[in-house]
Amino acid sequence: MSDEPVYVTQPYLPPLEEFVPYLEQIWQSKVLTNGGPMHQQLEKELCDYLGVEHIALFNNGTIALLTALQSLRVTGEVITTPYSFVATGHSLLWNGIKPVFVDIDAKTLNLDPAKIEAAITPQTTAIMPVHCYGHPCDVDAIKKIADTYNIKIIYDAAHAFGVKDDGGSVLRHGDLSVVSFHATKVFNTFEGGAIICPDLKTKQQINHLKNFGFVDEITVVAPGINGKMSEINASFGLLQLKYIDSIIAARKAVDEFYRSELKGIFGIKVVEESGQTTANYSYFPILVESGYPLSRDQLYLKLKDHNIFARRYFFPLISEFPMYRSMPSAKDANLPVAKGISLRVLCLPIYPNITISELSRVVSIIKGEK
Ligand SMILES: *Cc1c(COP(=O)(O)O)cnc(C)c1O
């Protein structure tokens, strides 16, 4: 196949020469990490951009999730979604917490609030929902349940950078929200992540936990971890942030292209946006329904044959991995919607620099013209 490979995503890289001055500054200051000037500046600029009060940067989203759970002293059981990236479940296991999987809503593909209460036990201390594909969860319904049972909410908001609802950033919801700045995400710092904190006291506590639990030179108050973002990563974030509006605008154009081109293809269902006033177009999931001439996996392989690497996010379900599948809540019968979606979903390539000819290749294969 002579056509160039097209991946599901590709990071946006600003012109290299624009990164050099940041590196020069780091070389000059000789501050490489531990909350240096780039780190402080990025926290400030992200608060402004996202419209949140307090943010604590991390070296990746997974360590941020681990620390968010630790900081809220979450123990016992946590209700979560099987339809996510495996880090959601793993962050619970790393804290010695038992994940309890609850099925998703067929429309939003997020945790179904109507099914949460039945999964609550005396051991339940928190709910960890995911704003899947950056589509907001039913935050009001989830909050109502958490308030009733006096349990915490930690949003895995890894997909939700820049997403807003009627009241502002979706990252303000829950006791804490966690974002990822991994290379594959809408906004990236190569590797990185953050916890959105409701107040300064929480942010300071989290700052201690991400620095081994140190509160001063000689005092360690908790078994913290090394979760600090380096100055290189933070400075790349500062540069990337200058381009974020054009990155999201370019993604929006791709989203619109797909939506208009895929409309009316029998058996192909585009997952609708729901609930947000500002989307981030982080993914472009379609569902391959039974009316389509190929199965999901056949379409996936056909695209691959043409050098187009779509991804089956999220297949398998988290609950299907070996460290989860023997749990009672992991049974297929408990998760029929998630199971069905995971067998039909395919995420198509979407990123700022994808070309019209690449997009046309994707679409014409799906249309069966190739
Ligand atoms: C990317 C992702 C994570 C993990 O973030 P990293 O920064 O890669 O550690 C967690 N949860 C979800 C839903 C993700 O997509």
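Preceding this paragraph is the structure being described.
We now turn to the structure provided with this report. (Residues numbered from 1 in each chain as written. Predicted model: local features only at pLDDT ≥ 70, side-chain atom pairs only at ≥ 80, totals over all residues. Heavy atoms only, no water.)

## What to know about the site of the ligand
Part 1: Around the ligand, a shell composed of 14 residues is seen, among which Thr62, Asp156, His159, Ser180 and Lys185 lie nearest.
Part 2: Take Asp156: an N or O atom from its side chain is 2.7 Å from a nitrogen atom of the ligand.
Part 3: Look at the ligand: alone it shows 380 Å² of surface, and the protein chains cover 93% of it.
Part 4: In a pocket analysis with a 2 Å cut-off to the grid points, the ligand is assigned to the largest pocket.
Part 5: For the shell around the ligand, the elements supplying multiple residues, two or more each, are α3 (61-71) and α4 (87-94). (Near = heavy atom within 4 Å. Polar contact = N/O pair within 3.5 Å; in protein donor to acceptor, adjacent residues only side chain to side chain. Areas by Shrake-Rupley, 256 points an atom, 1.4 Å probe, with all protein chains shown as cover. 1 Å grid on protein atoms, 1.4 Å probe; cavity = no way out; pocket = protein on both sides within 12 Å on 5 of 7 lines; lining within 4 Å. Sits in = over half its atoms within 2 Å of the grid points. Helix = DSSP H or I, 4+ residues; strand = E, 2+ residues; numbered from the N terminus.)

## Some thoughts on the sheet that holds strand β16 (residues 345-347)
Part 1: Taken in spatial order, the three strands of this open sheet run β13-β14-β16, and their pairing is antiparallel. Bordering the open sheet on either side are β13 (268-270) and β16, each of which pairs with just one other strand. Shown here is a sheet whose adjacent strand axes are inclined to one another by a mean of 30°, direction ignored. (Pairing = 2+ DSSP bridges. Axes fitted to C-alpha atoms, helices over the stretch in contact; angles between N-to-C directions.)

## Points about empty space enclosed by the protein
Part 1: For the structure on display, the rule yields three cavities of 30 Å³ or more.
Part 2: Taken as a whole, the largest cavity encloses approximately 60 Å³ of empty space.
Part 3: Lining the largest cavity are Ala158, His159, Ala160, Phe161, Ser180, Thr184, Lys185, Val186, Phe187, Asn280, Ser282 and Tyr283.
Part 4: Its residues placed into classes, the lining of the largest cavity shows six nonpolar, five polar and one charged.
Part 5: Looking at which domains feed residues into the lining of the largest cavity, each of domain 1 (16-239) and domain 2 (245-366) supplies at least three. (Points joined across faces, edges and corners; volume = space filled by probe spheres on them. Nonpolar A, V, L, I, M, F, W, Y, C, P; charged D, E, K, R; others polar. Domains from an automatic or database assignment.)

## Remarks on α3
Every α-helical turn comprises 3.6 residues, leaving residues that sit three or four positions apart pointing alike.
Part 1: Here α3 lies mainly inside the structure; nine of its 11 residues are buried.
Part 2: Taken together, the buried positions of α3 are occupied by Gly61, Ile63, Ala64, Leu65, Leu66, Thr67, Ala68, Leu69 and Ser71.
Part 3: For α3, the side-chain oxygen to backbone nitrogen distance between the N-cap and Thr62 is 3.0 Å, and the N-cap itself is Asn60.
Part 4: Backbone geometry just after α3 places Arg73 at a positive phi near 55°. (Buried < 20%, exposed > 50% of the residue type's maximum accessible area, 1.4 Å probe, protein only.)

## Thoughts on the layout of surface pockets
Part 1: In this structure, the largest pocket encloses a volume near 670 Å³.
Part 2: In terms of lining, the largest pocket is formed by 37 residues, of which the most central are Phe85, Val86, Lys185, Tyr313 and Phe314.
Part 3: Only α3, α4 and β9 (176-180) provide two or more residues apiece to the lining of the largest pocket.
Part 4: Here the lining of the largest pocket takes three residues from α3, the largest share from any one element.
Part 5: Residues that form the lining of the largest pocket fall into these classes: 19 nonpolar, 12 polar and six charged.

## Considerations on the side chain of Glu358
Part 1: Here Glu358 is to be found in helix α10 (residues 356-366).
Part 2: Buried within the structure, Glu358 lacks any salt-bridge partner; Arg361 is the closest side chain of opposite charge, at an N-O distance of 5.0 Å.
Part 3: Once residues lying within four places of it in the same chain are set aside, the contact partners of Glu358 are Val6, Tyr351 and Asn353. (Lys, Arg positive; Asp, Glu negative; His and termini not counted. Salt bridge = Lys/Arg side-chain N within 4 Å of Asp/Glu carboxyl O. Contact = heavy atoms within 4.5 Å.)

## Some thoughts on the packing of aromatic side chains
Part 1: As enumerated under the stated definition, the model contains 18 aromatic pairs in all.
Part 2: Judged by centre distance (5.8 Å) and plane angle (15°), the rings of Tyr49 and Phe161 are stacked. On the criterion of sequence distance, the pair formed by Tyr49 in helix α2 (residues 37-50) and Phe161 in the loop between β6 (152-156) and β7 (164-165) is long-range, its members being 112 residues apart.
Part 3: Taking relative accessible area as the criterion, Tyr49 reaches 25% and is therefore assigned partly exposed.
Part 4: Geometrically, the ring pair formed by Phe161 and Phe187 is stacked, given 4.7 Å between the ring centres and 10° between the ring planes. (Phe/Tyr/Trp six-rings, centres within 6.5 Å; stacked < 30°, edge-to-face > 60°.)

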